[in-house]
Amino acid sequence: MELGLAGRRALVTGAGKGIGRSMVQALHAAGVQVVAVSRTRADLDSLVRECPGIEPVCVDLGDWEATERALGGVGPVDLLVNNAAVALLQPFLEVTKEAIDTSFDINLRAVIQVSQIVAQGLIARGAQGSIVNVSSQASQRALTNHSVYCSTKGAMDMLTKVMALELGPHKIRVNAVNPTVVMTPMGRANWSDPQKGKPMLDRIPLGRFAGCWQVDGKYRAQGWL
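Because the structure is a prediction, the values reported are computed rather than measured.

Reading the values: the criteria
Residues numbered from 1 in each chain as written. Predicted model: local features only at pLDDT ≥ 70, side-chain atom pairs only at ≥ 80, totals over all residues. Heavy atoms only, no water. Core = buried A, V, L, I, M, F, W, Y, C linked by side-chain atoms within 4.5 Å. Buried < 20%, exposed > 50% of the residue type's maximum accessible area, 1.4 Å probe, protein only. Helix = DSSP H or I, 4+ residues; strand = E, 2+ residues; numbered from the N terminus. Contact = heavy atoms within 4.5 Å. Salt bridge = Lys/Arg side-chain N within 4 Å of Asp/Glu carboxyl O. Pairing = 2+ DSSP bridges. Right-handed = clockwise from strand over helix to strand, strands pointing away.

This part is about the nonpolar core. Leu11, Val37, Leu61 and Leu71 are the most contacted members of the largest nonpolar core, which totals 28 residues. Every element with two or more residues in this core is listed here: strand 2 (33-38), helix 3 (64-71), helix 4 (97-125), helix 5 (147-167) and strand 6 (172-177). The element contributing the most residues to this core is helix 4, with eight residues. With near-sequence residues (within four places) excluded, Leu11 lies in contact with Val35, Val37, Leu71, Val74, Val77, Leu79, Leu80, Val81 and Val114.

Within this structure, the stated rule accounts for six salt bridges. Here Arg9 makes a salt bridge to Glu55, at a shortest N to O gap of 2.8 Å. Of this pair, Arg9 sits in strand 1 (residues 9-13) while Glu55 is found in strand 3 (residues 55-58), placing the two residues 46 residues apart along the sequence. The exposure class assigned to Glu55 is partly exposed, which follows from its relative accessible area of 28%. The shortest N-O distance in the salt bridge between Arg109 and Asp105 comes to 3.6 Å. Taken together, the positions of Arg109 and Asp105, both in helix 4 and four residues apart, correspond to about one turn of that helix. Residue Asp105 is classed as partly exposed on the basis of its relative accessible area of 22%.

Turning next to the pairing of strand 4 (residues 79-82). Burial along strand 4 is two-sided: the face carrying Leu79 and Val81 and the face carrying Leu80 and Asn82 are both buried. Sheet topology places strand 1 next to strand 4; three bridges connect them, and they run parallel. Across the sheet, Ala10 pairs through a bridge with Leu79, a residue of strand 4. With four bridges joining them, strand 4 and strand 5 (residues 129-134) adopt parallel strand pairing. Considered in strand 5, the bridge of Val81 is made with Val132. For the crossover from strand 4 across helix 4 to strand 5, the handedness is right-handed.

Next comes the structure, spelled out in structure tokens:
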């Protein structure tokens, strides 16, 4: 499928594994110059070998100052995919301050910071652009032990609406995608238990989660695009 993206420059966060890695692979194959952001150097090194020419940036997006240093001079970006996220699952009565801080720092605050950097660059250039926030069905449905994760994704959905409202006049489109469980490493860690997964699967007409697995060392995604 011709996406018409050849020659564009994209920035993808959470690019080391799962959905983000598959996005980088797809964009690279479509002729996009990709800036791949991950906090794990080994993941970026292997991704560079798979997709020669991408620009790896290793930074913990939970660190505001480090993120500013790493991405403040990233240069022109036409497409931003805010994909990085953590899912720290705890029963509501056992939720810790550390889980709240880490989750909101990465799942929400980093989205604001990185989007500001990219949007300010687009506006300064007088260029059109697009921002895609990877949210979740967890923003719409209550899930046991997901009080913090669901809250971060619910906040992301509303953030997306406000960003679209304020950035639209600058010809910057902002949208969210809300996949169900995707069996990335994070998804498998949290949803491999058949007893836990059955109530969710019973609500999915296809009767399966979206897939994301490794073939010959490369991640391949199915069912969520």
